[in-house]
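# Close look at the chain arrangement
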Amino acid sequence: MRILVTGGAGFIGSHLIRRLLASAQHQVVNLDALCYSGNLTNLDTISREPGYAFVHGDICDGSLVSSVLRTYRVEGIINCAAETHVDRSILDPGSFARTDVVGTGVLLEESRHAGVKRFLQVSTDEVYGTVESGLSTEEDRVEPRSPYSASKAGADLLVLSYWTTYQFPVVVTRGSNTYGSHQYPEKFIPLFVTNAIDDQLLPLYGDGRYRRDWLAVEDHCAGIELAFFHGKPGAVYNIGGGNERENIAVAEEILSYLGKPKSLLRFVVDRPGHDRRYAVDNGKLRRLGWRPVVSFEEGLRATIQWYREHESWWRPIKSGEFRKYYEQMYGKRLQQAG
Ligand code: TYD
């Protein structure tokens, strides 16, 4: 199939493209705006493959999207393009509404007119909002609470409306917290790993007892691929790793693997509106034939090892724009924590 992957220079997008090309059955066009977290070196291993093409551009640009769809005779779209970091959405909510909601709307409209046969929206379990107990199922209401999750929920509803209204064959996947190689070091796991390597403090929000369900990026991409080719049009599929952990336990595991002291941990002022817990029921995707194969311990260790061995990937990031962001987000918090 000729597939357009948007946001393919990002974390999940780049893993997905490598996976799709590995099967040698598909051609992939990557449309990416190369914003702060997009990085074409993520695709170094496949960038010269004949089945791969890269287009630099924004999903909000309708005429560009239309021309890509027609030039490459795109049959299916997997939309990975998004602003994704909750903390940044608190600093700048407008960019999230623009890329995540408006951008998805543009992609939908152009792909409907271009006769695209399948559209998969990569979404997140955060759209369900905080769940104190039990597991979120695909039938649950969306109750997003951050500008990020609200933007993703808006996009999900727009995507699903295209099935109801136009019978445009869409599928939505809602992945849980994803980790692995090539993840921009603003997110919890890569931030803590790279800080710990450098003997920098690890800023744990609030009491550190918030819970997330961790999913290896390889398992996430396998779930997206399965839902894309075999999901029911108009359906939502949760992709949950089934590895629920408290943040503090993950932080301690990182320190222990790197042989660093627990004194690097700092409890800092909490994120506003911080969701206590996410946890999804992944039974629907399991019934389609998916199951996670990477255990959290094994996946976390492999991820830590990757960051250890790829300092040339993350050091330039952490010394660039990221420094300003880090100071704004953590400077005062860490000072207060002493
Ligand atoms: P994050 O990776 O930002 O994902 P999300 O908020 O989308 O789940 O954060 C994962 C968890 O780690 C979340 O409970 C917030 C917490 N966290 C910290 O305690 N300190 C940090 O510096 C970051 C980035 C996250």
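Preceding block: the structure.
Predicted, not measured: the structure shown is a model, and the values here were computed from it. (Residues numbered from 1 in each chain as written. Predicted model: local features only at pLDDT ≥ 70, side-chain atom pairs only at ≥ 80, totals over all residues. Heavy atoms only, no water.)

A few words now on helix α2 (residues 62–71). For α2, the complete set of buried residues consists of V65, S66, V68 and L69. In a view along the axis of α2, the buried residues occupy a sector of 160°, so they form one face of it. Relative to its buried face, α2 has exposed residues pointing more than 90 degrees away, namely S63 and T71. Contacts made by the buried residues of α2 are with β1 (2–6), β2 (27–32), β3 (52–56), β4 (76–79) and α4 (93–113). At the exit of α2 stands R73, carrying a positive phi of roughly 45°. (Buried < 20%, exposed > 50% of the residue type's maximum accessible area, 1.4 Å probe, protein only. Helix = DSSP H or I, 4+ residues; strand = E, 2+ residues; numbered from the N terminus. Arc of directions from axis to C-beta. Contact = heavy atoms within 4.5 Å.)

Turning our eyes to something else, we now look at the site of the ligand. In the vicinity of the ligand, 20 residues are found, and the nearest of them are E126, R212, R271, H274 and Y330. In the environment of the ligand, an oxygen atom lies 2.9 Å from a nitrogen or oxygen atom belonging to the side chain of N177. A distance of 2.8 Å is found between an oxygen atom of the ligand and a backbone nitrogen or oxygen belonging to Y205. Protein burial of the ligand: of its 510 Å² of free accessible surface, 98% is covered by the chains. For the shell around the ligand, the elements supplying multiple residues, two or more each, are α3 (86–91), α6 (188–197) and β8 (202–205). Tallied by class, the residues present in the shell around the ligand amount to ten nonpolar, four polar and six charged. (Near = heavy atom within 4 Å. Polar contact = N/O pair within 3.5 Å; in protein donor to acceptor, adjacent residues only side chain to side chain. Areas by Shrake-Rupley, 256 points an atom, 1.4 Å probe, with all protein chains shown as cover. Nonpolar A, V, L, I, M, F, W, Y, C, P; charged D, E, K, R; others polar.)

All right, on to the nonpolar core then. Formed by 38 residues in total, the largest nonpolar core has its most connected members in F188, I189, F192 and I254. Of all the secondary-structure elements, those providing two or more residues to this core are α6, β8, α8 (247–258), β13 (265–268), α10 (296–309), α11 (311–319) and α12 (321–337). The dominant element in this core, judged by the number of residues it contributes, is α6, at seven residues. Contacts of F188, omitting those with residues within four sequence positions, involve L204, W214, N247, V250 and A251. Listed in part, the 30 residues of the second largest apolar core include L215, L226, F228 and I239. (Core = buried A, V, L, I, M, F, W, Y, C linked by side-chain atoms within 4.5 Å.)

With that settled, consider the sheet that holds strand β6 (residues 170–175). The strand order across the open sheet formed by seven strands is β3-β2-β1-β4-β5-β6-β11, and the pairing between neighbours is parallel. This sheet does not close on itself; its edge strands, each paired only once, are β3 and β11 (235–239). With strand direction ignored, the average angle separating the axes of adjacent strands in the sheet is 20°. Of the strand pairs in this sheet, strand β5 (residues 118–124) and β6 are connected by six bridges, and their pairing is parallel. Opposite Q121, over in β6, you have V172 as the bridge partner. (Pairing = 2+ DSSP bridges. Axes fitted to C-alpha atoms, helices over the stretch in contact; angles between N-to-C directions.)

So, about the packing of α2 against α4. It is at 9 Å that the axes of α2 and α4 come closest, and there the two elements cross at 40°. Relative to α4, α2 is oriented oblique. In this structure, α2 meets α4 at a crossing whose hand is right-handed. For the pair α2 and α4, the contacting residues are G62, V65, S66, L69 and R70 in the first and V106, L107, E110, S111 and H113 in the second. (Parallel < 35°, antiparallel > 145°, perpendicular 65-115°, else oblique. Left-handed = near helix turned anticlockwise from the far one by under 90°.)

Turning our eyes to something else, we now look at the packing of aromatic side chains. Taken as a whole and assessed by the stated rule, the structure comprises 19 aromatic pairs. When the ring of F188 is compared with that of F192, the centres are 4.4 Å apart and the planes differ by 55°; the resulting orientation is tilted. Remark: F192 and F188 occur in helix α6; sequence separation between them is four residues, near one turn of the helix. For the pair F188 and F192, a shared accessibility class is recorded, and that class is buried. Between Y205 and Y330, the ring centres sit 6.2 Å apart and the planes meet at 15°, which makes this aromatic pair stacked. (Phe/Tyr/Trp six-rings, centres within 6.5 Å; stacked < 30°, edge-to-face > 60°.)

Attention now moves to the side chain of T6. Relative to the helices and strands, T6 resides in strand β1. In this structure T6 comes out as buried when scored by relative accessible area, which is 0%. Polar contacts involving the side chain of T6 include one to the main-chain amide nitrogen of A81, which spans 3.2 Å. Aside from chain neighbours lying at most four places away, what touches T6 is L31, I59, I78, N79, C80, A81 and L107.

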